[in-house]
Amino acid sequence: MPVLAADPAADVPWLATPYVPGLTLGEHLAEHGPLSGARLALVSGTAAVLTAVLLASLLLLALLR
């Protein structure tokens, strides 16, 4: 996925990537049924990583205040 623009040094760092159309999780489940195997592992792993990043960010903000 290419990065279109970014400013990691901004007060609130950001990056922009192209929009990739696709189904929402709810739409996918309605069309294809429950996730299993590698797809379930990918989704749950991604959710775990995003949760860890969010918690680390919140901890860093709390420490900087």
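Parameters and conventions
- Residues numbered from 1 in each chain as written.
- Predicted model: local features only at pLDDT ≥ 70, side-chain atom pairs only at ≥ 80, totals over all residues.
- Heavy atoms only, no water.
- Helix = DSSP H or I, 4+ residues; strand = E, 2+ residues; numbered from the N terminus.
- Rg over C-alpha atoms; globule rule 2.2 N^0.38 Å.
- Areas by Shrake-Rupley, 256 points an atom, 1.4 Å probe, with all protein chains shown as cover.
- pLDDT = per-residue confidence, 0-100.
- Buried < 20%, exposed > 50% of the residue type's maximum accessible area, 1.4 Å probe, protein only.
- Contact = heavy atoms within 4.5 Å.

Trainee: Lay out the overall build of the protein chain with the relevant residues and their values.
Mentor: For the protein chain, the count of helices and strands is 2 helices and 2 strands. Across the protein chain, helices and strands are ordered from the amino to the carboxyl terminus as β-β-α-α. Over its C-alpha atoms the protein chain spans a radius of gyration of 16 Å, topping by over 25% the 11 Å that the globule rule assigns to 65 residues. Principal-axis analysis of the C-alpha atoms gives the protein chain an extent of 45 × 30 × 20 Å. For the protein chain, the computed accessible surface area is about 5,700 Å², with 70% contributed by carbon and sulfur atoms.

Trainee: Go over the confidence of the model for the protein chain, please, and point to the residues and values.
Mentor: Of all residues in the protein chain, 100% attain a pLDDT of 70 or more, and the chain-wide mean is 91. Between the elements of the protein chain, mean pLDDT differs from a low of 91, seen in helix α2 (residues 37-64), to a high of 94, seen in helix α1 (residues 25-32).

Trainee: Please give an account of the side chain of His 28 that cites residues and values.
Mentor: Mapped onto the secondary structure, His 28 falls in helix α1. Residue class for His 28 comes out buried when judged on its relative accessible area of 19%. Those residues within four positions of His 28 in sequence are excluded, and the remaining contacts are Leu 23, Gly 33 and Leu 35.

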